[in-house]
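Understanding the architecture of this molecule
For reference, the chains in residue letters:
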Amino acid sequence: MEYVFDVFFEECFDKMERSGLSSRAGRRDIISHLNSVISGCIQGRQTATTQLAVGLAVTSAIDYHNRMKGDNYEVCLMGKYHNVLYIALRITWDWGLEDSTIVRNLLDEIFKCEKTFERLFLGALFGCNAPHFIAGWKSDFNDQDENLRAVVFFLHHSAKARAIYPTYSYAYQRLRQTKFIDVPIESCGKASPLRVALQASAPDVVLILLRHGANPCPDDGGASPVLSLLEKLAECENRCYPFQLVSCLKLLLRTVRMVELPYKPHLYAVRKEMFHAKYEALLEDGLLPPDQVYGVPTLKHTCRCLVRDVLRDNFQLPGGVLKLPLPRKMQKYIDLLD
């Protein structure tokens, strides 16, 4: 069966122009053709399971990309030679491939060439038409909801395979290993997906990213996400706060033990006074819990943050929450659902 897919990519791509997969329609034609080949392999051989056939198809696409890159001194030729990876990405999602190792291999190849996963995340964050104006290409998914479900699919596999990628750390001034969910989006100022979702005031996406282990304080060189949201809310006239913005703040505060006061290197008393003067209205309106700023957070909240930190470090969010020997209500609390 491996031979069937190897021949498919060799012959199909050999006759295609280099820009043949630049359009979404061109990619969809190849995806449809490849889906037919996979279905034929499954029906034609009783021993061929769906998972086996899809895994071989995706592996063949990766191998084809690597062969073309190897013939060019390990430099990706881009065009159709790179877009074959996105053909495989869509096939992986369409058929629900369960082999996390193969999925990680595919994500690894994409990262080696692009150093980002923006083609997967942008459609989920802004809708499938927005990437065309932001980055010059169209999403391979039908709508934002489908793209978001695909992101969840790849978040699950990347966590299961413990996928990490070298990205630049502004705090340490060097490359550090970063989880798939926190890899910066190049066309959005190299901000993490969570920061972009917060800037877009998309609480549904923020909740998904936080539940799956996004770092609430990403090391992407930007200001504290909590302080960025407070800055936006403080600018609202007549204390008319947008619902989406407030929802994003409340979700983020569930994952942060304390809100660190800015205005360093002033003494704490001075920083506290400056902070209170600027955000007094937010404190009075209950948008910002005083105990997370000035006092001592509740034991319940502190435990939630500590448990989530351990689970996040071990790639166990959100699935690991259900394995904790706790009542369902406490599991929901730790999982940010209550």
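As annotated in an unreviewed UniProt entry, the protein chain carries the name SOCS box domain-containing protein and comes from Anopheles quadriannulatus.

With that settled, consider the pattern of salt bridges. A complete count under the given rule lists 16 salt bridges for this structure. Note that Glu 109 is salt-bridged to Lys 112, the shortest N-O span being 3.3 Å. Taken together, the positions of Glu 109 and Lys 112, both in helix 5 (residues 100-114) and three residues apart, correspond to about one turn of that helix. Overall, Lys 112 belongs to the partly exposed group, its relative accessible area being 47%. Close ionic contact of Asp 220 with Arg 195 constitutes a salt bridge, the shortest N to O distance being 2.8 Å. Highlighted residues: Asp 220 in the loop between helix 10 (203-211) and helix 11 (225-234) and Arg 195 in helix 9 (residues 193-199), separated in sequence by 25 residues.

On to the pairing of strand 1 (residues 164-169). Of the strand pairs in this sheet, strand 1 and strand 2 (residues 174-179) are connected by six bridges, and their pairing is antiparallel. For Tyr 165, the partnering residue across the bridge sits in strand 2 and is Thr 178. What sits between the antiparallel neighbours strand 1 and strand 2 is a turn of four residues, in which Gln 173 has the positive phi angle 55 degrees.

All right, on to the domain arrangement of the protein chain then. Here the protein chain is described as being made up of domain 1 (1-111) and domain 2 (114-221). Look at where the C-alpha atoms of domain 1 and domain 2 centre, and you get two points 23 Å apart. Taken together, the 21 residues of domain 1 in the interface contact 29 residues of domain 2. Both sides of the domain 1 and domain 2 interface together cover about 2400 Å² of buried area, and 58% of this is carbon and sulfur. Interface area lost by domain 1 to domain 2 is led by Arg 24, Trp 93 and Phe 111, which between them contribute 34%. The interface formed by domain 1 and domain 2 contains two salt bridges. The partner of Asp 140 in a salt bridge is Arg 27, with the nearest N and O atoms 2.5 Å apart. Every element with two or more residues in the side of domain 1 that touches domain 2 is listed here: helix 2 (24-44), helix 4 (80-95) and helix 5. Partitioning the side of domain 1 that touches domain 2 into residue classes produces eight nonpolar, five polar and eight charged.

Calculation rules
- Residues numbered from 1 in each chain as written.
- Predicted model: local features only at pLDDT ≥ 70, side-chain atom pairs only at ≥ 80, totals over all residues.
- Heavy atoms only, no water.
- Salt bridge = Lys/Arg side-chain N within 4 Å of Asp/Glu carboxyl O.
- Helix = DSSP H or I, 4+ residues; strand = E, 2+ residues; numbered from the N terminus.
- Buried < 20%, exposed > 50% of the residue type's maximum accessible area, 1.4 Å probe, protein only.
- Pairing = 2+ DSSP bridges.
- Domains from an automatic or database assignment.
- Contact = heavy atoms within 4.5 Å.
- Buried area = accessible area lost by both parts, 1.4 Å probe.
- Nonpolar A, V, L, I, M, F, W, Y, C, P; charged D, E, K, R; others polar.

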